[in-house]
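Structure at a glance
Letter by letter, the chains look like this.
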Amino acid sequence: MYDIKIKWFGHAAFKIEMFGKVFLIDPWILNPVSPEKKLNQVCGDFIVVTHDHGDHVGNALEILRNCPSSKAVAIYELASYIAEELGSEQRAIGGNIGGPIDLGEGFEVVLTPALHSSGKGAPTGVLISKLGNTVYHAGDTGLTYEMKLVGELYKPLVALLPIGGHFTMGPREAAYAAHLLNPKYVIPMHYGTFPMLRGTPEEFRRYLIEFGVAAELIVLKPGEETTVRAEVPRTR
Ligand code: NI
Ligand code: MN
């Protein structure tokens, strides 16, 4: 039996523990709604950054410096920047959209298209998979039909979707994204950090029902962790 542990720090920052590896995604651990006040204890094997906006790069560089065995994963131009900042090409794995990246031990990461902007390279989402169990973090994105393709090919077990609006999907768009992705579990993010990100999980739930989405909604509080059961093997 394998569990996948998903911890939300608020905003777009998550820790995913699956099959013995720890992934930090968009690790703005010290965001305004996070209960974490220090980075001391926060490390991961892989630090995934979806795009170069400050609320997503977050504390990635400090974490990479604090945790010498951790590696960054990001789109090529952003990974190159991170490697340069750390003074080591070995510390960042640069990929590009749609290309399966082999992280070893059966772990695969695929950067997905995101409908957004960015300075260094294109904005992305990310799929993290092992043994057919896939966690999808959409990054910052508007609703895009690419999500249907992601759903069909990768059959995500869990989808982490922005619902705040203004810069990303709001609750209605995110619920439709969940309809296209058809995950088993859906977790809202990128809301409530600032007044401008006004989408709420309650609205999200309403639209999930309206669109007949079968996924189970899991609403976390910043600092809270949930566990979902991996299916081994999971057919996709
Ligand atoms: Ni952004
Ligand atoms: Mn953002």
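This text follows the structure it describes.
My aim in this report is to walk through the structure given alongside it, one point at a time. It should be emphasised that the depicted structure is a prediction, and the values quoted were computed from it without experimental measurement.

**A few points about the nonpolar core**
Judged by nonpolar contacts, the single largest core of 79 residues is most densely connected at Ile16, Phe23 and Leu161. The dominant element in this core, judged by the number of residues it contributes, is helix α5 (residues 171-181), at 6 residues.

**Here's the deal with the coordination of the manganese ion (ligand 2)**
Donor atoms from the polypeptide that coordinate the manganese ion (ligand 2) comprise Asp55 (OD), His56 (NE2), Asp140 (OD) and His190 (NE2), at 2.1 to 2.3 Å from the metal. Mapping the donors of the manganese ion (ligand 2) onto the primary sequence yields the spacing D-H-x83-D-x49-H.

**Thoughts on the environment of glycine 10**
By the secondary structure assignment, glycine 10 is in the loop between β1 (3-8) and β2 (14-18). Note on glycine 10: relative accessible area 0%, which makes it buried. With 144 residues separating them along the chain, glycine 10 and tyrosine 154 place their C-alpha atoms 26 Å apart. In contact with glycine 10, other than residues within four places in its own chain, are Asn31, Val33 and Pro222.

**Notes on the packing of helix α4 (residues 146-154) against α5**
It is the contact of α4 with α5, at a shortest axis distance of 7 Å, that shows an interaxial angle of 40°. Residues Met147, Lys148, Val150 and Gly151 of α4 pack against Ala177, Leu180 and Leu181 of α5. Tallied by class, the residues present in the contact of α4 with α5 amount to 5 nonpolar, 1 polar and 1 charged.

**Focus on the sheet that holds strand β13 (residues 216-217)**
With mixed pairing, 7 strands are arranged side by side in an open sheet as β7-β8-β9-β10-β11-β12-β13. The open sheet terminates on both sides in strands that have one partner only, identified here as β7 (101-104) and β13.

**Considering the pairing of β7**
Alternating positions in β7 separate cleanly, Ile101 and Leu103 being buried on one face and Asp102 and Gly104 remaining unburied on the opposite face. Pairing of β7 with strand β8 (residues 107-113) involves 3 bridges; the strand directions are antiparallel. Bridging across to β8, glycine 104 finds its partner in phenylalanine 107. Hairpin geometry of β7 and β8 is characterised by an intervening segment of 2 residues between the two adjacent antiparallel strands and by a positive phi of about 55° at glutamate 105.

**Considerations on the state of the cysteines**
Tallied over the entire structure, the rule returns 1 disulfide. Sulfur-sulfur distance for the disulfide between cysteine 43 and cysteine 67 comes to 1.8 Å. Residues cysteine 43 and cysteine 67 are joined by a disulfide whose S-S torsion is about -90°; by sign, that bridge is left-handed. Here the residue cysteine 43 occupies a position in the loop between β3 (21-25) and β4 (46-48), and cysteine 67 occupies one in the loop between α2 (60-66) and β5 (71-75), the gap between them amounting to 24 residues. The class of cysteine 43 is partly exposed, set by a relative accessible area of 36%.

The rules behind the values
- Residues numbered from 1 in each chain as written.
- Chains lettered and ligands numbered in written order.
- Predicted model: local features only at pLDDT ≥ 70, side-chain atom pairs only at ≥ 80, totals over all residues.
- Heavy atoms only, no water.
- Core = buried A, V, L, I, M, F, W, Y, C linked by side-chain atoms within 4.5 Å.
- Buried < 20%, exposed > 50% of the residue type's maximum accessible area, 1.4 Å probe, protein only.
- Helix = DSSP H or I, 4+ residues; strand = E, 2+ residues; numbered from the N terminus.
- Donors = N, O, S within 2.8 Å, 3.2 Å for Na, K, Ca; no water.
- Contact = heavy atoms within 4.5 Å.
- Axes fitted to C-alpha atoms, helices over the stretch in contact; angles between N-to-C directions.
- Nonpolar A, V, L, I, M, F, W, Y, C, P; charged D, E, K, R; others polar.
- Pairing = 2+ DSSP bridges.
- Disulfide = S-S within 2.5 Å.

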